[in-house]
Amino acid sequence: AQSVAQPEDQVNVAEGNPLTVKCTYSVSGNPYLFWYVQYPNRGLQFLLKYITGDNLVKGSYGFEAEFNKSQTSFHLKKPSALVSDSALYFCAVRDILDTGGFKTIFGAGTRLFVKA
Amino acid sequence: DAGVTQSPTHLIKTRGQHVTLRCSPISGHKSVSWYQQVLGQGPQFIFQYYEKEERGRGNFPDRFSARQFPNYSSELNVNALLLGDSALYLCASSLALAGVVVEETQYFGPGTRLLVL
């Protein structure tokens, strides 16, 4: 069964410093991995995805993620954090169904606090 | 272009009642999925519909049902509400199925927050 784990409930970082939000995955077959962000009282916003190709994936708002097959990790990174990056971040894996449909399996989420 | 829209934004019901939540996908998107997000947890998959056919069902009781209309909008119905059904219900749309286009991106709406008293 496909799953992702986010080992940190919360990450604290100072504005201007680099940030990393960790994610590890467990899949059978090819991993299709995603990062979403959720702001208070808002839905999920898509940040980036890894399907195949380069291990470094660039996404929205200056975020990027590094796919590491040997460590089964897909950590989210940003070189310089902004206060406005404070939000709840979800790592997710896609599970393709026999019907051709799919479901997205989410981690528990990591709350990012960026202090000014 | 408008994103995924959901209605209502908030809803308060009492135990045993029935609720209907609505979702309109991004224009041109044919797939709609529903997720339940309980406070403090990640979203959990409920259903996926594509071209009015159910293509996936999560581990939810039969009290949960859904359908998709010819215009690709969708309804999620929950019968005999329980306190534990209190959650944010998210709708997501995509252009195609990942079984066909594996890199397909899913876009989420703002959600409907349901409170069951």
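Calculation criteria
Residues numbered from 1 in each chain as written. Chains lettered and ligands numbered in written order. Predicted model: local features only at pLDDT ≥ 70, side-chain atom pairs only at ≥ 80, totals over all residues. Heavy atoms only, no water. Helix = DSSP H or I, 4+ residues; strand = E, 2+ residues; numbered from the N terminus. Rg over C-alpha atoms; globule rule 2.2 N^0.38 Å. Buried < 20%, exposed > 50% of the residue type's maximum accessible area, 1.4 Å probe, protein only. Contact = heavy atoms within 4.5 Å. Areas by Shrake-Rupley, 256 points an atom, 1.4 Å probe, with all protein chains shown as cover. Lys, Arg positive; Asp, Glu negative; His and termini not counted. Charge placed at Lys NZ, Arg CZ, Asp CG, Glu CD. Disulfide = S-S within 2.5 Å. Pairing = 2+ DSSP bridges. Axes fitted to C-alpha atoms, helices over the stretch in contact; angles between N-to-C directions.

### Remarks on the overall build of chain A
Here's step 1: Within chain A, the regular secondary structure consists of zero helices and 12 strands.
Here's step 2: For chain A, the N- to C-terminal ordering of α and β elements is β-β-β-β-β-β-β-β-β-β-β-β.
Here's step 3: Taking 13 Å as the expected radius of gyration for a compact globule of 116 residues, we find that chain A reaches 14 Å, a close match to that expectation.
Here's step 4: The C-alpha extent of chain A, read off along each of the three principal axes, is 50 × 30 × 25 Å.
Here's step 5: For chain A, buried positions account for 48% of its 116 residues.
Here's step 6: Within chain A, residue pairs in contact and separated by at least 24 positions form 54% of the contacts whose partners lie at least 6 positions apart.
Here's step 7: Accessible surface, chain A: about 5600 Å² in total, of which carbon and sulfur atoms supply 48%.
Here's step 8: A gap of 3 Å separates the mean positions of the 11 positive and 9 negative side-chain charges of chain A.

### With respect to the state of the cysteines
Here, disulfide denotes a covalent bond that connects the sulfur atoms of two cysteines.
Here's step 1: Summed over all chains, the structure comprises two disulfides over all chains.
Here's step 2: The side chain of Cys23 of chain A participates in a disulfide bridge whose partner is Cys91 of chain A; the two sulfur atoms lie 2.0 Å from each other. Looking along the S-S bond of the Cys23 of chain A-Cys91 of chain A disulfide, the torsion reads about -60°, which is the left-handed sense. Placement of the pair is Cys23 of chain A in the loop between strand S3 (19-21) and strand S4 (24-26) and Cys91 of chain A in strand S10 (residues 87-96), with a sequence separation of 68 residues. There is no split in this pair, since Cys23 of chain A and Cys91 of chain A are both buried.
Here's step 3: For Cys23 of chain B, the disulfide goes to Cys91 of chain B, at an S-S distance of 1.8 Å. Linking Cys23 of chain B and Cys91 of chain B, the disulfide has an S-S dihedral of approximately -65° and is accordingly described as left-handed. Residue Cys23 of chain B is located in strand S3 (residues 19-24), and its partner Cys91 of chain B is located in strand S9 (residues 87-94); the two are separated by 68 residues in the primary sequence. For the pair Cys23 of chain B and Cys91 of chain B, one class covers both residues: buried.

### Let's talk about the pairing of strand S11 (residues 102-106) of chain A
All names here are of chain A.
Here's step 1: Side chains of S11 alternate between two faces, with Phe102, Thr104 and Phe106 buried and Lys103 and Ile105 left unburied.
Here's step 2: Pairing of S10 with S11 involves five bridges; the strand directions are antiparallel. By the bridge assignment, Ile96 is partnered in S11 with Phe102.
Here's step 3: Two successive antiparallel strands, S10 and S11, enclose a turn made up of five residues, where Gly100 displays a positive phi of approximately 90°.

### Section: unusual backbone geometry
All names here are of chain B.
Here's step 1: Here the bond from Ser7 into Pro8 is cis, since omega is -10°, no more than 30 degrees from zero.
Here's step 2: Within the secondary structure, Pro8 is located in the loop between strand S1 (5-7) and strand S2 (10-13).
Here's step 3: Its identity as a non-glycine residue notwithstanding, Glu51 has a phi of 50°, on the positive side.
Here's step 4: The residue Glu51 is located in the loop between strand S5 (44-50) and strand S6 (53-57) in this model.
Here's step 5: The residue Lys52 is not glycine, and still its phi comes out positive at about 75°.
Here's step 6: Relative to the helices and strands, Lys52 resides in the loop between S5 and S6.

### Quick word on the sheet that holds S1 of chain B
Residues and elements named next belong to chain B.
Here's step 1: If you walk across this open sheet you meet the four strands as S1-S3-S8-S7, and the pairing is antiparallel. The open sheet terminates on both sides in strands that have one partner only, identified here as S1 and strand S7 (64-68). Mean inter-strand twist for the sheet, computed between neighbouring axes without regard to direction, equals 15°.
Here's step 2: As judged from the five bridges shared by S7 and strand S8 (residues 74-78), these two strands associate in the antiparallel manner.

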